[in-house]
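Listed below are the residues making up each chain.
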Amino acid sequence: GENVEQHPSTLSVQEGDSAVIKCTYSDSASNYFPWYKQELGKRPQLIIDIRSNVGEKKDQRIAVTLNKTAKHFSLHITETQPEDSAVYFCAASIPAGYSTLTFGKGTMLLVSP
Amino acid sequence: SAVISQKPSRDICQRGTSLTIQCQVDSQVTMMFWYRQQPGQSLTLIATANQGSEATYESGFVIDKFPISRPNLTFSTLTVSNMSPEDSSIYLCSGARQGRTGELFFGEGSRLTVL
């Protein structure tokens, strides 16, 4: 089955800096790559996703890039703010006939004022 | 986005008892799943809840321990049976909309502590 590796496990930045979280996946058939943000005590929420027919997608201060050849994808957050502090999970999905995701282990992002 | 609600939000349980978690989704959701998130860990899929039939379990999870029902399209239950402290986790109901492969919405989670 699919295996998703995520790095780093923790990331501390100063407010205004950029943050990058990287994930690799094992199954070349994976074609959907979402990122979830989970604030302390809250549910995971989808913040951005990318499908394998595009290489980059942006939404305001966040962007995701995908390299199918290398089987890795990254989350980029620019101009970080304290409210960006959370655990971020990457995931990958293969077209198995129904929707299932394999999640990475998560990255705790801490943005200091 | 889809609306998913689950209850209880948290509970403290005694070893050896069982607890049932309920999940209600709106009509946009066609597929329902149950995930477990152990303290400080990632999300692990327990099973896919199938309407009117037995759930499809992932490796490492069995029906006797985690019986799941889905009597209709918008409601599912997960029971954690014969609980031990190792079952202390957050259990998350999730749903997917038809035609949106992979995109999952999550409930708020049920935080179980087993003493």
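Note that the structure is predicted; figures quoted are calculated from it, not measured.

1. Thoughts on the interface of chain B and chain A
Thought 1: Across the contact, 20 residues belong to chain B and 18 residues belong to chain A.
Thought 2: Across the interface of chain B and chain A, roughly 1800 Å² is buried in total on both sides, 52% from carbon and sulfur atoms.
Thought 3: Here chain B is connected to chain A by one salt bridge.
Thought 4: R43 of chain A serves as the salt-bridge partner of E108 of chain B, at 2.7 Å between the closest nitrogen and oxygen.
Thought 5: Contributing elements (two or more residues each) for the side of chain B that touches chain A: strand 4 (29–37), strand 5 (43–49), strand 9 (89–97) and strand 10 (104–106) of chain B.
Thought 6: Broken down by element, the residue count for the side of chain B that touches chain A peaks at four residues, all from strand 4 of chain B.
Thought 7: Tallied by class, residues from the side of chain B that touches chain A come to 10 nonpolar, seven polar and three charged.

2. What to know about the packing of aromatic side chains
Thought 1: Applying the stated criterion to the full structure yields 12 aromatic pairs over all chains.
Thought 2: Aromatic side chains W35 of chain A and F73 of chain A sit 5.6 Å apart centroid to centroid with 70 degrees between the ring planes, which places their arrangement in the edge-to-face category. Highlighted residues: W35 of chain A in strand 4 (residues 32–38) and F73 of chain A in strand 8 (residues 72–77), separated in sequence by 38 residues.
Thought 3: Take W35 of chain A: its relative accessible area is 0%, and that puts it in the buried class.
Thought 4: For F73 of chain A, a relative accessible area of 0% translates into the label buried.
Thought 5: A connected cluster of aromatic rings, assembled from ring pairs, spans Y36, F89 and F103 of chain A together with Y35 and F106 of chain B.

3. Quick notes on the sheet that holds strand 3 (residues 19–25) of chain B
Residues and elements named next belong to chain B.
Thought 1: Strand order in the open sheet made by the four strands is 1-3-8-7, with antiparallel pairing throughout. Sheet topology places strand 1 (4–7) and strand 7 (68–72) at the edges, where each strand pairs with a single neighbour. Strand-to-strand twist across the sheet, computed as the mean angle between neighbouring axes with direction ignored, equals 20 degrees.
Thought 2: Where strand 7 and strand 8 (residues 75–80) come together, three bridges link them in antiparallel fashion. Bridged to N72 within strand 8 is F75.

4. Brief notes about the side chain of T80 of chain A
Thought 1: Mapped onto the fold, T80 of chain A is located in the loop between strand 8 and strand 9 (86–92).
Thought 2: Other than its neighbours up to four places away in sequence, T80 of chain A contacts V13, Q14, E15, G16, D17, S18, A19, R61 and V111 of chain A.

5. Description of the pairing of strand 6 (residues 56–59) of chain A
Thought 1: Where strand 6 of chain A lies against strand 7 (residues 62–67) of chain A, four bridges are found, and the strand directions are antiparallel. Within strand 7 of chain A, the position partnered with K58 of chain A by the bridge is A63 of chain A.

6. Points about the state of the cysteines
Thought 1: Counted under the stated rule, the structure contains two disulfides over all chains.
Thought 2: Linked covalently through their sulfurs, C23 of chain A and C90 of chain A form a disulfide whose S-S length is 1.9 Å. Taking the sign of the S-S torsion, about -100 degrees here, the bridge from C23 of chain A to C90 of chain A comes out left-handed. Residue C23 of chain A is located in strand 3 (residues 19–25), and its partner C90 of chain A is located in strand 9; the two are separated by 67 residues in the primary sequence.
Thought 3: Judged by relative accessible area, which is 0%, C90 of chain A ranks as buried.
Thought 4: Between the sulfur atoms of C23 of chain B and its disulfide partner C93 of chain B the distance amounts to 1.9 Å. Measuring the twist about the S-S bond at about -75 degrees, one finds the C23 of chain B-C93 of chain B disulfide to be left-handed. Placement of C23 of chain B in strand 3 and of C93 of chain B in strand 9 is noted, with a sequence separation of 70 residues between them. The burial state of C23 of chain B is the same as that of C93 of chain B; both residues are buried.
Thought 5: The thiol of C13 of chain B is unpaired, and the distance to the nearest cysteine sulfur, on C23 of chain B, comes to 18 Å.

Calculation notes
Chains are numbered independently. Their residues run from 1 in the order of the written sequence. To read the labels, note that chains go from A and ligands from 1, taken in the order they are written. Where local features are concerned, this predicted model is filtered to residues with pLDDT of at least 70; where side-chain atom pairs are given and counted, the filter is 80 or more; whole-chain, interface and lining totals use all residues. To obtain the side-chain values, all non-hydrogen atoms of the structure were included, while hydrogens and water were left out. Whether two residues touch is decided by their heavy atoms; if any such pair falls within 4.5 Å, the residues are in contact. Computed with a 1.4 Å rolling probe, the buried area is the accessible surface lost when two parts are put together, summed over both parts. We count a salt bridge whenever a side-chain nitrogen from Lys or Arg sits within 4 Å of a carboxyl oxygen from Asp or Glu. A run of H or I in DSSP becomes a helix once it reaches four residues, and a run of E becomes a strand once it reaches two; helices and strands are each numbered from the N terminus. Ten residues, namely Ala, Val, Leu, Ile, Met, Phe, Trp, Tyr, Cys and Pro, are considered nonpolar, four, namely Asp, Glu, Lys and Arg, are considered charged, and the remaining ones, Gly among them, are considered polar. Think of it this way: a Phe, Tyr or Trp ring, Trp meaning its six-membered ring, pairs with another when their centres are within 6.5 Å, and the plane angle makes it stacked under 30 degrees, edge-to-face over 60, tilted otherwise. Only protein chains enter the accessibility calculation, which uses a 1.4 Å probe; a residue whose area is less than 20% of its type maximum is buried, one above 50% is exposed, and one in between is partly exposed. Paired strands, in this sense, are two strands between which DSSP finds at least two bridges. Note on geometry: axes are lines fitted to C-alpha atoms, helical ones only across the stretch in contact, with angles between N-to-C directions running from 0 to 180 degrees. The rule for a disulfide is simple: a pair of cysteine sulfur atoms within 2.5 Å.

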